[in-house]
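Structure assessment
Now for the letters of each chain:
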Amino acid sequence: MNDSVPKSRFVTHTLRAAGRIADIFIQSKLTPLAIGAALLLGAFSILQTPREEEPQIVAPMLDVFVQMPGASAEEVAQRATVPMEKLLREVPGVEYIYSISHPGLSLVIVRFYVGTREEDAIVKTYNKLYSNFDRIPQGVSHPIIKARSIDDVPILALTLWGKNYDAYTLRRIAAELEHSLKQSDDVSETTIIGGQNRKVRVILDTQRLAAYGLTPSSVVAQLGAANERRQAGSFARNNQEFQVEAGNFFMRLEELQQVVVAVHSTRPIYLRDVAEKIVDGPAEPENYVLFANAKGTTGSSANPEYPAATITLAKRKGANATRIAESVLRKVDGLRGVTLPNDLNVTVTQNYGETAKDKSDELLKHLFIATLSVTLLIALALGWRESGVVLLAIPVTLALTLAIFYFYGYTLNRVTLFALIFSIGILVDDAIVVVENIVRHFRLLENRGRALADVAVEAVEEVGNPTILATFTVIAAILPMAFVRGLMGPYMRPIPVGASAAMVFSLLVAFVVSPWAALRLLRHYAGRPAYEYEAEGWTTRFYRRLMNPLIQRPARRWTFLGAVVALFLAAVAFVPFK
């Protein structure tokens with residue numbers, strides 16, 4: 001038996017595109033390097049592509065606030081809301097405008113078409129409003145514009161609670177923790193929910209105020225003036241300039257008590273002289289957050305509820321939610337015993353990064369299972385060596401498709417991974433056609449003794465043009481879905497983009513990788529004895545027995561065609577007959 005691989009003797013100018021590509025790469029040393037590079041590129045794309053549950057849809061929304069103190073809701077609507085709606089309707093790209101008028105306040109929500117760049121939407125809105133400031137009615141404030149996007153939704157929520165901690169203490173610890181977590185990379189907006197802020201309440205004695213001739217407003221003005229720090233100038237000495245600052249912020253309760261609020265009969269009047277009570281403690285709660293372990297108990301055995309404070313964190317646009325969540329949780333563990341007491345519980349009540357990772361990992365597992373299932377089916381039909389060729393082609397194709405997702409800015413989510421799973425069923429067609437034809441040519445008796453490389457190139461050449469035509473026919477059927485408009489457009493676009501890219505790469509892999517792998521995995525055909533060769537396989541004989549009557553007998557041919565037309569009309573009839 002001669003196991004050597006003879007060099008191809010084809011002259012490239014006699015081959016068409018498919019055969020020429022196969023002849024170039026079937027014995028090239030660059031082919032295994034290209035395979036390895038494609039697999040490494042796919043692994044890099046899986047590790048670097050952000051993971052999310054749903055694809056990101058760019059639909060800019062802006063909130064525009066204006067105030068009109070003292071006006072009723074009807075006055076706000078007529079003088080502020082309606083004129084602002086007319087101006088914003090002139091902004092290019094605006095799809096919907098919603099408005100809410102409250103007493104003294106107007107809120108206009110501007111929604112742009114899907115796909116509009118958020119920066120362009122903000123700039124256009126600012127230009128339109130700020131160029132019409134001269135039309136603002138008397139008593140209406142300047143507009144405040146705030147952008148809203150999907151990235152404003154928190155990806156992580158940490159709830160602080162403990163048996164020995166009240167809402168006031170939890171709020172102070174949460175503020176320290178928020179400050180530390182805010183410094184993490186790619187963390188955007190952070191919010192503290194629950195707990196009680198620190199607040200100093202001054203209860204004035206009306207009789208003492210009257211005795212000194214003071215009013216509450218004058219006391220408030222003096223407190224505001226005392227609670228500030230300003231630049232008071234500078235002076236030079238020894239070739240150095242020193243900045244002088246005057247004043248200071250209140251840090252302790254004693255400093256507040258010693259504020260001079262007035263002078264009466266050349267005697268300073270301190271705040272403690274006119275105050276009935278000065279309380280430094282928790283403010284009135286704006287919202288309540290409680291924590292309890294739900295175990296389905298009721299009555300006296302119900303689980304106790306503890307005061308709690310929750311910190312929510314959002315991510316920056318385009319950042320990987322999974323990595324941010326893991327980084328923040330590691331940082332929280334490192335703050336134990338420093339910012340966080342050891343007996344304080346920190347419970348993760350929401351982790352979008354973990355759920356996105358779990359779902360993407362599950363879809364990747366199903367992608368792996370689908371690949372093995374296709375390979376097993378091919379092994380049963382052609383043989384395990386032949387299935388190895390397809391098993392190599394599928395990962396290379398998927399790796400290149402994942403790289404397209406990464407460079408195109410997509411994320412790994414349920415839609416993009418579904419596109420890959422969906423593509424497996426069609427991307428293997430090219431490899432199966434090429435491998436099956438190579439195997440068929442290897443088994444033909446007339447090819448006994450010929451160089452396997454020549455036989456493989458001849459097999460690829462034979463099915464090259466039909467394979468190319470079939471591939472682009474599938475792409476032509478799938479790709480138009482990428483041009484769907486509205487909300488469903490960007491949501492479903494990864495499917496046609498991914499499937500079309502997978503089909504193109506599968507065609508290249510079928511002409512480059514499959515012949516190269518078949519030549520090495522199927523080289524046992526080179527020394528087979530004559531009796532092991534066969535003119536036709538059983539599938540070919542079955543197909544010939546089925547098709548010959550249809551081709552040779554007009555009656556059967558027209559009967560078959562009529563049955564196809566009847567079935568088509570029956571399918572179409574479902575629409576008019578509902």
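What comes next concerns the included structure. Everything numeric in this text was worked out from a predicted model, so none of it was measured.

Comments concerning the environment of A379
Inspection of the secondary structure assignment puts A379 in helix α11 (residues 352–381). It is 10.0 Å that separates the C-alpha atoms of A379 and L391, two residues lying 12 residues apart in sequence. Not counting residues within four places of it along the chain, the set of residues in contact with A379 comprises W384 and S387.

Observations regarding the pattern of salt bridges
In this structure the tally under the stated criterion is 12 salt bridges. A salt bridge links E95 to R111, with the shortest nitrogen-to-oxygen separation between them at 3.8 Å. Of this pair, E95 sits in strand β2 (residues 94–102) while R111 sits in strand β3 (residues 105–112), and the two are 16 residues apart along the sequence. Classification of R111 by relative accessible area gives buried; the value is 17%. Taking the shortest distance from any N to any O, the salt bridge between R117 and E119 comes out at 3.7 Å. A cluster of three or more residues bridged by salt bridges with shared partners is formed by R51, K357 and D361.

Notes on the packing of aromatic side chains
This structure, assessed with the given rule, holds 10 aromatic pairs. Geometrically, the ring pair formed by F44 and Y406 is edge-to-face, given 5.4 Å between the ring centres and 80 degrees between the ring planes. A residue pair is termed long-range when its members are at least 10 positions apart, and F44 in helix α2 (residues 30–48) and Y406 in helix α12 (residues 384–408) qualify at 362 residues. Since its relative accessible area comes to 37%, F44 is described here as partly exposed. Following the ring pairs from residue to residue traces out a cluster consisting of F44, Y406 and F407. The positively charged end of R272 is found above the aromatic ring belonging to Y270, 4.5 Å away from the centroid.

Things to note about the sheet that holds strand β1 (residues 61–67)
The strand order across the open sheet formed by four strands is β2-β3-β1-β4, and the pairing between neighbours is antiparallel. Each of the sheet's edge strands pairs with one partner strand only, and the pair in question is β2 and β4 (144–148). Strand-to-strand twist of the sheet, defined as the mean angle between neighbouring strand axes without regard to direction, takes the value 20 degrees. In the sheet, β2 pairs with β3 via eight bridges, with the strands oriented antiparallel. Pairing of I100 across the sheet is with L107, part of β3.

Thresholds applied
Along every chain, residues carry numbers that run from 1 in the direction the sequence is written. Local features in this predicted model are restricted to residues whose pLDDT is 70 or higher, and side-chain atom pairs enter the listing and the counts only when it is 80 or higher, whereas totals over whole chains, interfaces and linings include all residues. Excluded from the side-chain calculations are hydrogens and water; all other atoms, namely the structure's heavy atoms, are used. Strands here mean DSSP runs of E at least two residues long; helices mean DSSP runs of H or I at least four residues long; both are numbered from the N terminus. Pairs of residues are marked as contacts when any of their non-hydrogen atoms sit within 4.5 Å. Salt bridge, as used here: a side-chain nitrogen of Lys or Arg that lies within 4 Å of a carboxyl oxygen of Asp or Glu. Only protein chains enter the calculation, and the probe is 1.4 Å; a residue is then buried if its accessible area is under 20% of its type maximum, exposed if over 50%, and partly exposed in between. Stacked, edge-to-face and tilted labels apply to pairs of Phe, Tyr and Trp rings (six-membered ring for Trp) whose centres lie within 6.5 Å, assigned for plane angles under 30 degrees, over 60, and everything in between, in that order. As a reminder, the over-ring test applies to NZ of lysine and CZ of arginine, requiring each to be within 6 Å of the ring centre and within 35 degrees of the ring normal. Whether two strands pair depends on DSSP finding at least two bridges between them. Fitted lines through C-alpha atoms give the axes, limited to the stretch in contact for helices. The angle between two N-to-C directions lies from 0 to 180 degrees.

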